[in-house]
Amino acid sequence: MYTRITAHFNGTVKDVRQNWHFYLMALPSVIAIILFGYGPLRGLVIAFLDYSPLRGFSGSEWVGLDNFRAAFGNPFFATALRNTIIINSAKLAVGFPSAIVLALLMNEVRMHWFKRVIQISTIMPYFVSWVVAATVFRNLLSPEGLINQIIVELFGGRAITFLSDPDIFPWVIVFQDTWKYCGFFAVLYLAAMTTIDPTLYEAAMVDGANRWQQTWHITLPGIRPTMITLLVLLTGWIFQGGFEQILVMYNTSVFVTGDILETFTLRLALQQSKYGLATAVGLFQTLISLVLVIVVNRLVKPVNERGIF
Amino acid sequence: MGDMMVAGSVTSRLSRMLNHLLLICLAVFSILPILLLVLNSFKSTGEISANPFALPLTIRFENYVDAWIDGRFATALPNTVFLIVMTVVGVWVVSGLAAYSLARLQPVGGDIVTTYLLVVVTIPAQATVFILFMMWSQLNLVDNLWGLVPIHIANSAPFSTVLLRTFMVAIPTDFDDAARVDGASSWQVFQNVILPLTWPGFLTMGLLAALGVWNEFFLAVTFIQSPEYKPISTSLYGFISGGRFQDWGLANAASVLMMLPVILIFLALQRHFIAGLSQGGLK
């Protein structure tokens, strides 16, 4: 064991000496990661302090897990946690298959220009910021918006308050998220589909397989690695994320179903200066997400040979 | 292939038509809301609520002039451009070099670094933002555009590095060896072999980083308070959510002003962007 370690170490030294320019090249990013990736982690101590910016790190009292207890005991925390899980799971359940379906549909198109036009149109919303997307959706969904005009004028129905009805609001968020990202993810799947060996399709056709059977038995298995990679990455977003979208879309009348952990902590920190509490919630989210990503990665390993890491 | 398609012609043509119809619906679903935004930006508020889908009676360019002035675009635009230029250059240097050494050197723990970069992409910055804010206020970097630059670089660098690494791994090492035989140093190999072959990757990555900065809202709203330093996103948001929100035509015009440059750049470079995304994509 010892010899192996020293051998490894000697190898490393030799490696560094021979390839020092490579190591030099990696240096800026290593420094950047240490400074900005791990530097703030030192500050996670705040989660265990009764922190006030005036007293600083050393002057603030150590309170152990009190912040976590206070956070979990806060009635808004339970609501925010539930909303976070519901909204983000629904985004995953709707958005993930939508992108695959879009890519499969595009993959069947033979006219090159048509495929191009569809691809450009569907990826366009990806470039629209959440602030602008909020305006876009107000045009559609506000009481005087397009959809309500159609409901009222054409069908004589009653206007629906999409943006201030707590029962509908989460679905607006899920819908908007799918609108924004579907085309972008479809590009990734489409790219994976082009790498599938065409002889597989030829062989299937000789055996008399129709397009559906080819899709099911060749295309889908062919993009499985991409599907699994994205699925693992996206499960990391079940306990966090979607923050900017909610921030520009929500209002007090939809807090019941629209308030997520990030908006909850933002109010704790900015309006009540409870930095310790806010950091505790953030830490909780990060840890859960990390565990979730690792667990899901383990679960998919048998399906995907090696997982993504 | 041709024979099979002729054989099942009726059903296959029908399913192809259905397929195209579905795709057209999805494309319309994607761009109709954006077109509606543009259409409404030329109308007065009264016209929008009267009939949102009609063409404007008179094209109100005043909306754009007012939005430009009230949204303080003249000060916000240079701020955003500054952030974008510094961030993209920074990301190119940091990720380009890191990807080169990760792809070519197999350094000790290189796999761990790559995994870390992949995982860190899934963890948004919100958990550390308050702490970052406190550190930055001690360093006098709050309410300072220079303070946002390293945060933006650090946000974009992990994904960019992973993407670029994929590009560089795909280049045969024979190319490097050939250059080295001719006496090229590591830097010369990078400059004369790797860069010319991976520029679509650099372009895509630069576009993604620029897009991230242009649209970024949360960091800007947390770190920048003075109106003269606000980038476009927060300047626009302050204006839309402020007193004149009821003026829909104006809010729409301001939103178009923010969206237009991104869309135009994408349309000009879409071929390279989609190709870059496809090549470097998650495989």
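Residues numbered from 1 in each chain as written. Chains lettered and ligands numbered in written order. Predicted model: local features only at pLDDT ≥ 70, side-chain atom pairs only at ≥ 80, totals over all residues. Heavy atoms only, no water.

This next bit is on the overall build of chain B. Regarding its fold elements, chain B presents 13 helices and 0 strands. Here chain B holds 283 residues, and 51% of them are scored as buried. Counted over contacts in chain B with a minimum sequence separation of 6, partners at least 24 positions apart contribute 71%. (Helix = DSSP H or I, 4+ residues; strand = E, 2+ residues; numbered from the N terminus. Buried < 20%, exposed > 50% of the residue type's maximum accessible area, 1.4 Å probe, protein only. Contact = heavy atoms within 4.5 Å.)

Next up on the list: the overall build of chain A. A tally of regular secondary structure across chain A gives 16 helices and 2 strands. When burial is assessed residue by residue, chain A has 54% of its 309 residues classed as buried. Taking the contacts inside chain A whose residues are at least 6 apart along the sequence as the reference set, 65% of them involve residues at least 24 apart. Counting every atom, chain A has about 15000 Å² of accessible surface; 68% of that belongs to carbon and sulfur. (Areas by Shrake-Rupley, 256 points an atom, 1.4 Å probe, with all protein chains shown as cover.)

This part takes up a nonpolar patch on the surface. There is a patch of nonpolar side chains on the surface, built from B:V81, B:V85, B:V89, B:W92 and B:V93 and spanning about 400 Å² of accessible area. Looking at where B:V89 falls in the secondary structure, it is placed in helix α5 (residues 73–104). (Patch = residues over 30% accessible without salt bridge, like charges linked within 9 Å, V, L, I, M, F, W, Y side chains within 5 Å. Salt bridge = Lys/Arg side-chain N within 4 Å of Asp/Glu carboxyl O.)

Moving on to the nonpolar core. Ranked by size, the top nonpolar core spans 158 residues in total, and within it A:Y189, A:M249, B:F223, B:L236 and B:F273 carry the most contacts. Setting aside residues no more than four positions away along its own chain, B:F273 makes contact with A:I123, A:F127, B:T204, B:L207, B:L208 and B:F266. (Core = buried A, V, L, I, M, F, W, Y, C linked by side-chain atoms within 4.5 Å.)

Further remarks concern the pattern of salt bridges. Scanning the entire structure with this criterion turns up 5 salt bridges over all chains. Residue A:E108 pairs with A:R211 through a salt bridge whose shortest N-O separation is 2.9 Å. Here the residue A:E108 occupies a position in the loop between α5 (75–107) and α6 (112–123), and A:R211 occupies one in helix α11 (residues 211–222), the gap between them amounting to 103 residues. Of the residues examined, A:R211 reaches a relative accessible area of 32% and is grouped as partly exposed. We note a salt bridge from B:D176 to B:R104, for which the minimum N-O separation is 2.6 Å. With B:D176 in helix α9 (residues 173–181) and B:R104 in helix α5, this pair connects stretches of sequence that are 72 residues apart. Judged by relative accessible area, B:D176 falls into the buried class, the value being 4%. Owing to a relative accessible area of 14%, B:R104 belongs among the buried residues under this scheme.

Next up on the list: the packing of aromatic side chains. Taken as a whole, this structure holds 28 aromatic pairs over all chains when the rule is applied. Members of the aromatic cluster, each reached through a chain of ring pairs, are A:Y126, A:F127, A:W130, A:Y181, A:F184, A:F185, B:F266 and B:F273. One residue, A:K180, lies across the ring of A:W130, its end atom 4.8 Å from the ring centre. (Phe/Tyr/Trp six-rings, centres within 6.5 Å; stacked < 30°, edge-to-face > 60°. Lys NZ or Arg CZ within 6 Å of the ring centre and 35° of its normal.)

Our next topic: the confidence of the model for chain A. Across chain A, the average pLDDT comes to 83, with 89% of residues at 70 or higher. Within chain A, helix α1 (residues 2–18) of chain A has the poorest average pLDDT of any element, 61, and α5(A) the best, 93. (pLDDT = per-residue confidence, 0-100.)

So, about the interface of chain A and chain B. Counting residues at the interface gives 87 residues for chain A, matched by 86 residues for chain B. In terms of surface lost to chain B, no three residues of chain A exceed A:F22, A:M25 and A:F127, which account for 9% of the buried area on that side. At the boundary of chain A with chain B, the tally comes to 0 salt bridges. In this assembly, chain A and chain B are joined by 10 residue pairs in polar contact (both at pLDDT 80 or more). Top element by residues in the side of chain A that touches chain B is helix α2 (residues 20–42) of chain A. It accounts for 14 residues. Class assignment of the residues belonging to the side of chain A that touches chain B gives a composition of 52 nonpolar, 26 polar and 9 charged. (Buried area = accessible area lost by both parts, 1.4 Å probe. Polar contact = N/O pair within 3.5 Å; in protein donor to acceptor, adjacent residues only side chain to side chain. Nonpolar A, V, L, I, M, F, W, Y, C, P; charged D, E, K, R; others polar.)

Turning our attention to the state of the cysteines. By the definition in use, this model includes 0 disulfides over all chains. The thiol sulfur of A:C182 is not disulfide-bonded, and the nearest other cysteine sulfur, from B:C25, lies at 14 Å. On the basis of relative accessible area, A:C182 is assigned to the buried category, the value being 15%. (Disulfide = S-S within 2.5 Å.)

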